[in-house]
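Observations on the three-dimensional arrangement
So the chains spell out like this:
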Amino acid sequence: MSSVTTDTPLAFRQTPSSKARILAERDAILANPGFGKHFTDHMVSIDWTVEAGWHDAQVTPYGPLLLDPAASVLHYGQEIFEGMKAYRHADGSIWTFRPEANGARLQRSAKRLALPELPIDLFVESVRQLVKIDANWVPSAPETSLYLRPFMIANETFLGVRSAQKAAYYVIASPAGPYFAKGVAPVAIWVSSDYARAAKGGTGAAKCGGNYAASLLPQMEASEHGCAQVLFCDPQEGKYLEELGGMNVFLVMKDGTLVTPELSGSILEGVTRSSILQLARDRGMKVEERKVTLDEWRRGFETGDVAEAFACGTAAVVTPIGALKAKDFEVGDISAPAGKVTMSLRQELTDIQYGRLPDTHGWMTRLV
Ligand SMILES: *Cc1c(COP(=O)(O)O)cnc(C)c1O
């Protein structure tokens, strides 16, 4: 059952870590956190069963999960996740960006993967609980953040194939350095022609581990061709742009129109995507969510009708795309400077996230 609020708010039981790292150790990590390598001292967990619903919300020391080898997630892949960030503002306060949108998306993902829906207020509270206890892990250097990874697994001990009757939700957090250590630079993208990440009627619109598993082989192919990311086209005709393995894609046309593939049912609806569409509309830019053929992009790069292209998502925010490569063609040039519209949208979005611009849309939620 979908709900925005819990009937009776769950209280989080706290067990502070006795192995919390000392200041010097934490500072050494925060000075060069990388991405997804180091984790904070605590984690959140909430259990769910068919009979009891959501219960036993806890903040505990970070550590391994105890899973029965027959736990259904290990066999049938019932897993969903979210990705968000906590940002430290200049006054020391800590904020996150549109957490209700992530909470709502986790509910949609849960529905598709036949997992229980976590109430949105409980989702936001779970993130707040973790950031509060591990507030010292939120870095303060420019473009750094605490990456938050809420996720849910089916953990029933049962090899029969049916939806889970037992599940668990967790939140872990990892300090993140600037995604582009040497400054934002355009990347080349590989067009996958042999593989799709999602199918018609499949799980493409859900944020689930399975979609990522399907994208890793094509991602390796992209690396072999010197490309940073892989672009997937629609699974039926292989003709229309969909998205990258973990980022949505935009084109900026010569006349200033911002174009992004319309939500097809197999595209993941990014919070960054929807925020960029809003910022562009606020600027009075013409915005189109429509079908875009690969051919339009390829020819547009050649003729100049497509002036800029970029990918977007929470982790990298906005990544300029300089070149497009496929089995039978190669267009663009990654040594050309990043597009102006791309970079100014990136700047505006990060200025809002880091509290350097007013939050006119009510996107920011204070955590600490
Ligand atoms: C998470 C994700 C995105 C980006 O979503 P954001 O909410 O902007 O971080 C795009 N595509 C896929 C496949 C994703 O999993």
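Residues numbered from 1 in each chain as written. Predicted model: local features only at pLDDT ≥ 70, side-chain atom pairs only at ≥ 80, totals over all residues. Heavy atoms only, no water.

If you look the protein up in an unreviewed UniProt entry, it shows as Branched-chain-amino-acid aminotransferase from Pigmentiphaga aceris. In the Sequence similarities (unreviewed entry) part of its UniProt record, the protein is described as follows: "Belongs to the class-IV pyridoxal-phosphate-dependent aminotransferase family." Its UniProt record gives the protein a comment under Function (unreviewed entry), which states: "Acts on leucine, isoleucine and valine." (UniProt positions renumbered as here; feature names shortened; annotations may be inferred.)

**Describing the domain arrangement of the protein**
Segmenting the protein into domains produces domain 1 (13-176) and domain 2 (187-353). When each unit is reduced to the centre of its C-alpha atoms, the spacing between domain 1 and domain 2 is 27 Å. Listed by partner, the interface residues are 20 residues for domain 1 and 21 residues for domain 2. With both sides pooled, the region where domain 1 packs onto domain 2 buries about 1,700 Å², and carbon together with sulfur makes up 55% of that total. It is Phe81, Phe97 and Arg105 in domain 1 that bury the most area against domain 2; as a group they hold 33% of the surface buried on that side. Between Glu143 and Arg346 there is a salt bridge, and its shortest N-O distance comes to 3.2 Å. (Domains from an automatic or database assignment. Contact = heavy atoms within 4.5 Å. Buried area = accessible area lost by both parts, 1.4 Å probe. Salt bridge = Lys/Arg side-chain N within 4 Å of Asp/Glu carboxyl O.)

**Concerning the site of the ligand**
Every one of the 15 residues lining the ligand counts as a neighbour, but Lys207, Tyr212, Glu243, Thr272 and Thr314 are closest to it. Val271 is positioned such that a nitrogen or oxygen atom in its backbone is 2.8 Å from an oxygen atom of the ligand. Thr272 is positioned with one of its side-chain polar atoms (N or O) 2.6 Å from an oxygen atom of the ligand. Of the residues assigned to the shell around the ligand, the class counts are four nonpolar, seven polar and four charged. (Near = heavy atom within 4 Å. Polar contact = N/O pair within 3.5 Å; in protein donor to acceptor, adjacent residues only side chain to side chain. Nonpolar A, V, L, I, M, F, W, Y, C, P; charged D, E, K, R; others polar.)

**With respect to helix H7 (residues 294-303)**
Residues Leu294, Trp297, Gly300 and Phe301 constitute the buried set of H7. The arc enclosing the buried residues of H7, seen along the axis, measures out at 135°, which places them on a common side. For H7, the exposed residues lying more than 90 degrees away from the buried face are Glu302 and Thr303. Looking one or two places after H7, you find Gly304, whose phi comes out positive at around 95°. (Buried < 20%, exposed > 50% of the residue type's maximum accessible area, 1.4 Å probe, protein only. Helix = DSSP H or I, 4+ residues; strand = E, 2+ residues; numbered from the N terminus. Arc of directions from axis to C-beta.)

**Description of the nonpolar core**
Ile46, Leu115, Leu118 and Tyr169 are the most contacted members of the largest nonpolar core, which has 40 residues in total. Secondary-structure elements contributing two or more residues to this core are helix H1 (23-31), strand E2 (42-49), strand E3 (53-61), strand E5 (84-88), helix H3 (99-112), helix H4 (120-133), strand E7 (145-154) and strand E8 (166-176). In this structure Tyr169 touches Val44, Ser45, Ile46, Trp54, Leu106, Leu118, Phe123, Ser126, Pro150, Phe151 and Met152, once residues within four positions along its chain are discounted. The next biggest cluster of nonpolar side chains, apart from the first, holds 26 residues, and it includes Met253, Phe301, Ala311 and Ile321. (Core = buried A, V, L, I, M, F, W, Y, C linked by side-chain atoms within 4.5 Å.)

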